[in-house]
Amino acid sequence: MNKAVFLDRDGVLNEELGYQITSFDEFKVKEGVVEGLKKLKAAGFLLIVVTNQSGIAKGTYDDAFVMQCHEHIQSLTGEILDDIYFASGYDAISKSLSRKPDSLMFEKAIAKHNIDVDQSRMIGDRESDMIPTSKLGVRGIHLTTGEVSDYAEYSVMNFSEAVDLIIKN
């Protein structure tokens, strides 16, 4: 079985600007992410992006935009991300079991990649990132500037701290 790190995208891998990014020019990978992803890969983790992308349902961008942003991260890291799952629904428009805090994106990845949940982690910046992982037995690491998630095992201030914590444990 494989160990994995599940990664939220917005606010974890790229800068959260306080509004939904709809232009590639606004998509900025956060400091420490490229190096951190390389450390996790070197430590033997699969790297799986699981991200809500409600802008698709809202009509502000499409699947191609999501993949353009994903490919940008891939180009910076030497193509080390193993997979991406994104939920295009938005509750006011279309319900979806894939959308976090539901767990379908995770369940699909676990089945496809033969993932051992006991050895896997999730890095997310919202409570909705932590809820599905607690249901599945994946330990959550909450990136936060103060709020603490009831569903996360750890809270840290930045991506580099999360990576160090994962590698140490």
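A brief look at the structure comes next. Just so we're clear, the structure is a prediction, and the values are computed from it rather than from any experiment. (Residues numbered from 1 in each chain as written. Predicted model: local features only at pLDDT ≥ 70, side-chain atom pairs only at ≥ 80, totals over all residues. Heavy atoms only, no water.)

**Let's talk about the layout of surface pockets**
Here is the rule we go by: Space inside and on the surface of the protein is sampled on a 1 Å grid over the protein atoms alone, with a cavity defined as a set of points where a 1.4 Å probe fits but cannot get out and a pocket as an open set with protein on both sides within 12 Å along at least 5 of 7 lines; lining residues have an atom within 4 Å of a point. Grid points are joined across faces, edges and corners, and a volume is the space filled by probe spheres set on the points. We count a stretch as a helix when DSSP gives it H or I for four or more residues in a row; a strand needs E for two or more, and each element gets its number in order from the N terminus. Three classes are used: nonpolar for Ala, Val, Leu, Ile, Met, Phe, Trp, Tyr, Cys and Pro, charged for Asp, Glu, Lys and Arg, and polar for all others, with Gly counted as polar.
Approximately 460 Å³ is the volume found for the largest pocket. As for the largest pocket, its lining consists of 24 residues, and the residues nearest its centre are Asp 10, Glu 16, Gln 20, Asn 52 and Arg 126. Of all the secondary-structure elements, those providing two or more residues to the lining of the largest pocket are β2 (46-52) and α5 (127-136). Of the residues that constitute the lining of the largest pocket, the class distribution is five nonpolar, eight polar and eleven charged. In this structure, the second largest pocket spans a volume of roughly 210 Å³. Forming the boundary of the second largest pocket are Gly 11, Glu 16, Lys 30, Asp 125, Arg 126, His 142, Leu 143, Thr 144, Thr 145, Glu 147 and Met 157. Split by residue class, the lining of the second largest pocket holds two nonpolar, four polar and five charged.

**With respect to the packing of aromatic side chains**
Each aromatic ring pair is described using two quantities: the centre-to-centre distance and the angle formed by the ring planes. Quick note on the threshold: For Phe, Tyr and Trp, where Trp contributes only its six-membered ring, two rings pair if their centres lie within 6.5 Å, and the inter-plane angle classes them as stacked under 30 degrees, edge-to-face over 60, or tilted in between.
Per the counting criterion, the structure on display carries three aromatic pairs. Both rings, one in Tyr 61 and one in Phe 65, keep their centres 5.2 Å apart while their planes meet at 50 degrees; by these two values the pair is tilted.

**So, helix α1 (residues 33-42)**
Helical periodicity: at 3.6 residues per turn, an α-helix aligns residues three or four positions apart in one direction. Counted only if it meets this: When a residue's accessible area, from a 1.4 Å probe over protein chains only, is under 20% of the maximum for its type it is buried; when over 50% it is exposed; and in between it is partly exposed. Directions pointing from the helix axis toward each C-beta atom define the arc. Contacts: residue pairs with any heavy atoms within 4.5 Å of one another.
Those residues of α1 not exposed but buried are Val 33, Val 34, Gly 36, Leu 37 and Leu 40. Angularly, the buried residues of α1 cover 165 degrees about the axis, an arc narrow enough to put them on a single face. In this fold, the buried residues of α1 make contact with β1 (4-7), β2, α3 (63-77) and α6 (159-168). Gly 44 occupies a position one or two residues after α1 and carries a positive phi of about 95 degrees.

**Examining the packing of α1 against α3**
For clarity, the cut-off: Each axis is a line fitted through C-alpha atoms, taken for helices only over the stretch in contact, and angles between the N-to-C directions span 0 to 180 degrees. Orientation is classified from the angle alone, with under 35 degrees giving roughly parallel, over 145 giving roughly antiparallel, 65 to 115 giving roughly perpendicular, and any other angle giving oblique.
Closest axis-to-axis distance for the α1/α3 pair is 9 Å, and the angle between their directions is 70 degrees. Classified by the interaxial angle, the pair formed by α1 and α3 is roughly perpendicular. Facing Val 34, Leu 37 and Lys 38 of α1, the residues of α3 in contact are Ile 73, Leu 76 and Thr 77. The class makeup of the residues in the contact of α1 with α3 is four nonpolar, one polar and one charged.

**A closer look at the pattern of salt bridges**
Spelled out, the test is: A carboxyl oxygen of Asp or Glu within 4 Å of a side-chain nitrogen of Lys or Arg is what we treat as a salt bridge.
In total, this model carries nine salt bridges according to the counting rule given. One salt bridge in this structure joins Asp 8 and Lys 100, with 2.8 Å as the shortest N-O distance. Note that Asp 8 is positioned in the loop between β1 and α1 and Lys 100 in the loop between β3 (83-87) and α4 (104-113), a separation of 92 residues in sequence. Of the two residues examined, Asp 8 and Lys 100, each falls in the buried class. We note a salt bridge from Asp 102 to Lys 135, for which the minimum N-O separation is 3.9 Å. Separated by 33 residues along the polypeptide, Asp 102 in the loop between β3 and α4 and Lys 135 in helix α5 bring together distant segments of the chain. Using a relative accessible area of 29% as the deciding quantity, one classes Asp 102 as partly exposed. Using a relative accessible area of 51% as the deciding quantity, one classes Lys 135 as exposed. Where salt bridges share partners, they join Asp 8, Lys 100 and Asp 129 into one cluster.

Purely geometric stuff here, so don't read any function into it on its own.
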